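Working through the structure, step by step
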Amino acid sequence: MLLLAAAFIVAFVLLLYMVSPLISPKSLKLPGAHVVVTGGSSGIGKCIAIECYKQGAFITLIARDENKLLQTKKEIEKYSVNDKQVVLCISVDVSKDYEQVENVLKQAQEKLGPVDMLVNCAGTSVTGKFEDIEVNSFERLMAVNYLGSVYPSRAVIATMKERRMGRIVFVSSQAGQLGLFGYTAYSPTKFALRGLAEALQMEVKPYNVYVTVAYPPDTDTPGFAEESKTKPLETKLISETSSVCQAEQVARVIVKDAIQGNFNSSVGSDGYMLSILTSGMSPVTSITEGLQQVVCMGIFRIIGLFYLGSFDSIVRRCMMQREKSESADKAE
């Protein structure tokens, strides 16, 4: 009887794997496609642009610093696969003025054609204890990390729906799946992208437009190096429980998931576990993905509880050490 049940389960799983490609989105072909990358002058954004360019895409880079953009343009052009490819640079703050963002994207589409894939990678970070962070930092991060993704997406979505094709990528963070010590200003902005993506995906899926939310871990970028300078001790110790990824590796995963139309994009075993744990009511793009979530949720929750316990232990230990040091200072 057990053998029969096991055989039935195996046959059911194999059937799911066979049927899955039939209901998954059709992959976007990058050769000749127009890919727009905001925050594309450095870090993950630059690596995503390079990865798409290597596959034959036309690139529009958007960032604030014109000098960095021009420098990045030269670097990307080294990876040309044909002499028709173009890298267009536009200097604009995507979080300030929607009409300005809409206008520059219209100009980009006039030069390179309709946007096939938009990668919202513009972002910034501030770390520190809640009461130590300036109030205007909460406003600034929400503007850059959230509205800086809303405005470009709003500017291209109508054309994508008309063409019945397109991809929109929101680069969130593992701090957008799990709130951690020191990220009270940053995490909410990245959590917000998840809500936007889920609601938007439900709207645009009938038009063959697919949304991807990427949750990269700590990644070796200029932004991460700058952020590390102001991290509280607790945040540094928690961060040490996971390894730092290379931007090129993260970019390859994001591009692959985006062209396949996957809603979730994660890197590494920790990323996979977090994606399962936080799947909730998020869309799935294959039967097998949904099956993995159902099967793995329980065991991953148990593992997650051990992680949370270790994080709480780090915070308590740091608090006790700080109080002990303060008491010693007062005694002197």
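Cut-off values and rules
Residues numbered from 1 in each chain as written. Predicted model: local features only at pLDDT ≥ 70, side-chain atom pairs only at ≥ 80, totals over all residues. Heavy atoms only, no water. Helix = DSSP H or I, 4+ residues; strand = E, 2+ residues; numbered from the N terminus. Rg over C-alpha atoms; globule rule 2.2 N^0.38 Å. Buried < 20%, exposed > 50% of the residue type's maximum accessible area, 1.4 Å probe, protein only. Axes fitted to C-alpha atoms, helices over the stretch in contact; angles between N-to-C directions. Left-handed = near helix turned anticlockwise from the far one by under 90°. Contact = heavy atoms within 4.5 Å. Nonpolar A, V, L, I, M, F, W, Y, C, P; charged D, E, K, R; others polar. Pairing = 2+ DSSP bridges. Right-handed = clockwise from strand over helix to strand, strands pointing away. UniProt positions renumbered as here; feature names shortened; annotations may be inferred. Polar contact = N/O pair within 3.5 Å; in protein donor to acceptor, adjacent residues only side chain to side chain. Salt bridge = Lys/Arg side-chain N within 4 Å of Asp/Glu carboxyl O. Patch = residues over 30% accessible without salt bridge, like charges linked within 9 Å, V, L, I, M, F, W, Y side chains within 5 Å. Areas by Shrake-Rupley, 256 points an atom, 1.4 Å probe, with all protein chains shown as cover.

Let's shift gears to the overall build of the protein. Assigned secondary structure in the protein consists of 11 helices and nine strands. What you see for the protein is a C-alpha radius of gyration of 22 Å, in line with the 20 Å of a compact globule of 332 residues. By principal-axis analysis of the C-alpha atoms, the protein measures approximately 70 × 70 × 35 Å. A total of 332 residues make up the protein; the buried ones form 47% of that total.

Relative placement of two packed helices is described by the angle separating their axes and the distance separating the axes. It is the contact of helix α2 (residues 43-54) with helix α3 (residues 66-77), at a shortest axis distance of 10 Å, that shows an interaxial angle of 35°. Our pair here, α2 against α3, has a crossing hand that is right-handed. On α3, the residues touching Lys-46, Ala-49, Ile-50 and Tyr-53 of α2 are Thr-72, Glu-75, Ile-76 and Glu-77. Here the contact of α2 with α3 is built from residues that sort into four nonpolar, one polar and three charged.

Among the five residues of strand β1 (residues 34-38), five are classified as buried, and the element is accordingly described as predominantly covered. Alternating positions in β1 separate into two faces, His-34, Val-36 and Thr-38 on one and Val-35 and Val-37 on the other, with burial throughout. Pairing of β1 with strand β2 (residues 58-63) involves five bridges; the strand directions are parallel. Residue pairing in the sheet places Thr-38 in a bridge with Ile-62 of β2. With α2 bridging β1 and the parallel β2, this β-α-β connection has right-handed handedness. One ladder, built from four bridges, connects β1 with strand β4 (residues 117-120); its direction is parallel. Its bridge partner lying in β4, Val-35 is registered against Met-117.

Okay, the UniProt feature "coiled-coil region" (unreviewed entry) in the protein next. Under the feature "coiled-coil region" (unreviewed entry), the UniProt entry names residues 62-111. With 52% helix and 14% strand, residues 62-111 has end C-alpha atoms that lie 15 Å from one another.

Below, the discussion takes up the UniProt feature "domain: Ketoreductase" (unreviewed entry) in the protein. Sequence positions flagged by UniProt for "domain: Ketoreductase" (unreviewed entry) are, in local numbering, residues 33-218. The annotated region residues 33-218 carries 46% helix and 18% strand content, and the separation between its end C-alpha atoms amounts to 29 Å.

If you walk across this open sheet you meet the seven strands as β3-β2-β1-β4-β5-β6-β9, and the pairing is parallel. Since the sheet does not close on itself, it has two edges, and those belong to β3 (87-91) and β9 (264-266), each with one partner. Adjacent strand axes in the sheet meet at a mean angle of 15° when their direction is disregarded. Each of β4, β5 (166-171), β6 (209-215) and β9 is contacted by helix α9 (residues 247-260), which is oriented at about 160° to β9, the strand it contacts most.

Now for the side chain of Thr-38. Positionally, Thr-38 belongs in strand β1. Of the polar contacts made by the side chain of Thr-38, one reaches the backbone nitrogen of Cys-121; its length is 3.0 Å.

As a further point, take the pattern of salt bridges. Under the counting rule described, the total for this entry stands at seven salt bridges. Residue Lys-46 pairs with Glu-75 through a salt bridge whose shortest N-O separation is 3.2 Å. Here Glu-75 lies in helix α3 and Lys-46 lies in helix α2, a separation of 29 residues in the sequence. Classification of Glu-75 as partly exposed rests on a relative accessible area of 27%. Between Arg-322 and Glu-234 there is a salt bridge, and its shortest N-O distance comes to 3.1 Å. Of the two residues, Arg-322 is situated in helix α11 (residues 287-331) and Glu-234 in helix α8 (residues 233-239); the sequence distance between them amounts to 88 residues.

On to unusual backbone geometry, then. Unlike most non-glycine residues, Arg-164 shows phi in positive territory, near 60°. Structurally, Arg-164 is set in the loop between α5 (135-163) and β5. Its identity as a non-glycine residue notwithstanding, Asn-208 has a phi of 65°, on the positive side. Relative to the helices and strands, Asn-208 is located in the loop between α6 (187-204) and β6.

Next up on the list: the environment of Gly-261. Structurally, Gly-261 can be placed in the loop between α9 and β9. Looking at Gly-261, the relative accessible area reads 0%, which means it is buried. Taking the C-alpha atoms as reference, Gly-261 lies 24 Å from Glu-102; in sequence the two are 159 residues apart. In this structure, Gly-261 is in contact with Pro-25, Arg-167, Tyr-210, Thr-212 and Thr-285, ignoring residues within four places of it in sequence.

This next bit is on a nonpolar patch on the surface. Together, Ile-299, Ile-302, Ile-303 and Phe-306 give the surface a local cluster of nonpolar side chains, amounting to about 410 Å² of exposed area. Position of Ile-302 relative to the elements: it lies in helix α11.

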